[in-house]
Amino acid sequence: MTVNPDDSAAPANGAAEPTEPAAAQQDAGQTEPPAPEEIATVTEPSAPEEIATVTEDAVRVHRSPRYFRFMLTGAILFAIVAVVLTFAFPENPTYDRGTVFGFLLAICVVVGVALGAVVALLLDRAATRRARTVQADRIDVRVPDGESEDPRSSDQRPSVDS
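Residues numbered from 1 in each chain as written. Predicted model: local features only at pLDDT ≥ 70, side-chain atom pairs only at ≥ 80, totals over all residues. Heavy atoms only, no water.

Digging into the overall build of the protein
The secondary structure content of the protein amounts to 3 helices and 2 strands. For the protein, the succession of helices and strands along the chain, N to C, is α-β-α-α-β. The buried share of the protein, reckoned over its 162 residues, is 9%. In the protein, 78% of the contacts between residues at least 6 apart in sequence involve partners at least 24 apart. (Helix = DSSP H or I, 4+ residues; strand = E, 2+ residues; numbered from the N terminus. Buried < 20%, exposed > 50% of the residue type's maximum accessible area, 1.4 Å probe, protein only. Contact = heavy atoms within 4.5 Å.)

Here is the structure:
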């Protein structure tokens, strides 16, 4: 631990007070990594041997739009259109503005959601044209059934090889 001469935490008479090292380091703005003996490692004494298989595969990668966000944006934009249309025309003597707004809102939100979905589909179609093929590593890790003593690992689960 080093002492900074500019540090005013030491008393004026030069006597050092016993302090906790962690608190002193935090006050001085210094951090040290923990000592190797302080790092705890957890290992199982009878861990089974794992078998890993690595295979290369070609994968197509492309960006895709978030459909819900496009539909929500369309609904919000067309709700604003419904407000504008409600107050753009003179008031109808048969229906008040609230009723007109309700009808326009129902129709405009449906149209906005549909148009937002169509825009997202068109953007997704354009993104698939710019898709590229990259090499990817597939790693399958398996534990042999005979060596495992863990009751959870004896479950017969199908492997996912898609």
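That covers the picture; the talk isn't over yet.
A closer look at the environment of Q135
Examined against the element boundaries, Q135 turns out to sit in strand β2 (residues 132–142). The exposure class assigned to Q135 is exposed, which follows from its relative accessible area of 56%. Filtering out sequence-adjacent residues up to four positions away, Q135 remains in contact with E56, D57 and A58. Within polar-contact distance, the side chain of Q135 engages the side chain of E56 at 3.4 Å. (Polar contact = N/O pair within 3.5 Å; in protein donor to acceptor, adjacent residues only side chain to side chain.)

Examining the confidence of the model for the protein
Counting all residues, the mean pLDDT for the protein is 75, and 60% of those residues have values of 70 or more. Ranking the elements of the protein by mean pLDDT puts helix α1 (residues 21–28) last with 48 and helix α2 (residues 67–88) first with 95. Every residue in residues 8–27 scores below 50 in pLDDT, and together they form 5 contacts with partners more than four places removed in sequence or on other chains. (pLDDT = per-residue confidence, 0-100.)

Quick look at helix α3 (residues 97–129)
Here α3 contains 33 residues, and its C-alpha end-to-end distance of 47 Å stays within 8% of the 48 Å for a straight helix at 1.5 Å per residue. Buried within α3 are the following residues: C108, G112, G116, A117, A120, D124 and A127. On its buried side, α3 packs onto α2. (Expected span 1.5 Å × (residues − 1).)

Remarks on the pattern of salt bridges
Pairs can form between side chains of opposite charge once their charged atoms are near each other. Applying the stated criterion across every chain, the model contains 1 salt bridge. Residue D57 is joined to R138 by a salt bridge in which the shortest nitrogen-to-oxygen separation is 3.4 Å. Pair noted here: D57 is in strand β1 (residues 51–61) and R138 is in strand β2, with a separation of 81 residues, a long-range link. The partly exposed category is assigned to D57, whose relative accessible area is 35%. Its relative accessible area of 27% is what places R138 among the partly exposed residues. (Salt bridge = Lys/Arg side-chain N within 4 Å of Asp/Glu carboxyl O.)

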